[in-house]
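Topology and contacts: notes
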Amino acid sequence: MTLFLHETKQNRLAFLIWTFSIALMLLICMMMFPEINTGMEDMNDMFANMGSFTQAFGMDRLNFGDVMGFYAIECGNILSIGGGFFAALLGINALAKEEKERTAEFLLTHPIRRWTVIFQKLLAILFELLLMNMIVMAVSALSFAFIGEELAVREFLLLHGAYTVLQLEIACICFGISAFIRRSGVGAGLGLAALLYFLNLFKNISSQAEFLKYITPFAYAEAADIISESAVDMHLLALGLLYAAIGIGTAFLKYTRKDIAA
């Protein structure tokens, strides 16, 4: 597991920065809830009547004055966007940097097969994303206790579970793309994550764009649906896992063929 440890060590600074930033923003956001909740009825009516903007973020289906509704809207956006971007960065750089620098592992000058390199790099990505989500979940759960609000455990776990799968899907898709990039893919990775996020907004605004739910992972991680229905669309989530498997399979197929040729 030398490569796994090396990869996690290389990414430790980015991991700490992204994890700390997301957790801190969630904590600050939740600490603001008691003050924001004062006079929230008027604000809730205002948010519920903002047309397409309200539909885009699901505010027409959630009570902004309820702590779980507030958490879903405010903290959900922080976690989905921040986590999605971090996942994209991890995935898009995993193999591209090896191709760009022509490292020893990929040139087969060391007694190690490329599929082993791919597997350990993928394992490092999955480990970092899972660890980040565990830390963020712990901080979020504690924030409810700090402000004296009751945590709806089922909805909380479903929400974070969906965001975790969302991040894994984006990371795996970018992982597959990175196998074909010969230079820095940061722009491509962040661009893909942003595109998928905005596709979900378009889906929420227009009924004619409903088909986009089969493309973007943000559809099954829609906070308004999860909180209001206490459930996750398992069909869309399974489709997301399929996309993730395709991304992983693409990378393995490319380098397995190189191993055979070598």
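Placed above this text is the structure.
Residues numbered from 1 in each chain as written. Predicted model: local features only at pLDDT ≥ 70, side-chain atom pairs only at ≥ 80, totals over all residues. Heavy atoms only, no water.

Section: the packing of aromatic side chains
- Tallied over the entire structure, the rule returns eight aromatic pairs.
- Taken together, a centroid distance of 5.9 Å and an interplanar angle of 40 degrees make the contact between Tyr71 and Phe156 tilted. A residue pair is termed long-range when its members are at least 10 positions apart, and Tyr71 in helix H6 (residues 67-94) and Phe156 in helix H9 (residues 153-178) qualify at 85 residues.
- For Tyr71, a relative accessible area of 2% corresponds to the buried category.
- Site record: aromatic cluster; members linked through ring pairs are Tyr71, Phe144 and Phe156.
- Across from the ring centre of Phe180, 4.7 Å away, lies the NZ or CZ of Lys254, which sits over that ring. (Phe/Tyr/Trp six-rings, centres within 6.5 Å; stacked < 30°, edge-to-face > 60°. Helix = DSSP H or I, 4+ residues; strand = E, 2+ residues; numbered from the N terminus. Buried < 20%, exposed > 50% of the residue type's maximum accessible area, 1.4 Å probe, protein only. Lys NZ or Arg CZ within 6 Å of the ring centre and 35° of its normal.)

Structural notes on the packing of H9 against helix H10 (residues 186-205)
- Running from N to C, H9 and H10 point in directions that differ by 140 degrees, and their axes come no closer than 11 Å. In terms of axis orientation, H9 runs oblique to H10. Crossing geometry of H9 relative to H10 is assigned as right-handed. Contacts between H9 and H10 involve Ile170, Ile173, Cys174 and Ile177 from the former and Gly189, Leu192 and Leu196 from the latter. (Axes fitted to C-alpha atoms, helices over the stretch in contact; angles between N-to-C directions. Parallel < 35°, antiparallel > 145°, perpendicular 65-115°, else oblique. Left-handed = near helix turned anticlockwise from the far one by under 90°. Contact = heavy atoms within 4.5 Å.)

Description of the nonpolar core
- If you look at the biggest cluster of nonpolar residues, it comprises 70 residues, and the most contacted ones within it are Met30, Leu95, Leu129, Ile170 and Phe175.
- Sort the elements by how many residues they give to this core and H6 lands first, with 15 residues.
- Excluding anything up to four places from it in sequence, Leu129 contacts Phe86, Ala87, Leu90, Gln167, Leu168 and Ala171. (Core = buried A, V, L, I, M, F, W, Y, C linked by side-chain atoms within 4.5 Å.)

Some words on the side chain of Lys121
- Looking at the secondary structure, you find Lys121 in helix H8 (residues 114-146).
- Within polar-contact distance, the side chain of Lys121 engages the side chain of Glu7 at 2.9 Å. (Polar contact = N/O pair within 3.5 Å; in protein donor to acceptor, adjacent residues only side chain to side chain.)

Observations regarding the environment of Leu196
- Counting through the fold element by element, Leu196 comes out in helix H10.
- In this structure the C-alpha to C-alpha distance between Leu196 and Phe218, which are 22 residues apart in sequence, comes to 7.0 Å.
- Contact partners of Leu196, with chain neighbours within four places excluded, come to Ile170, Ile215, Thr216, Pro217 and Phe218.

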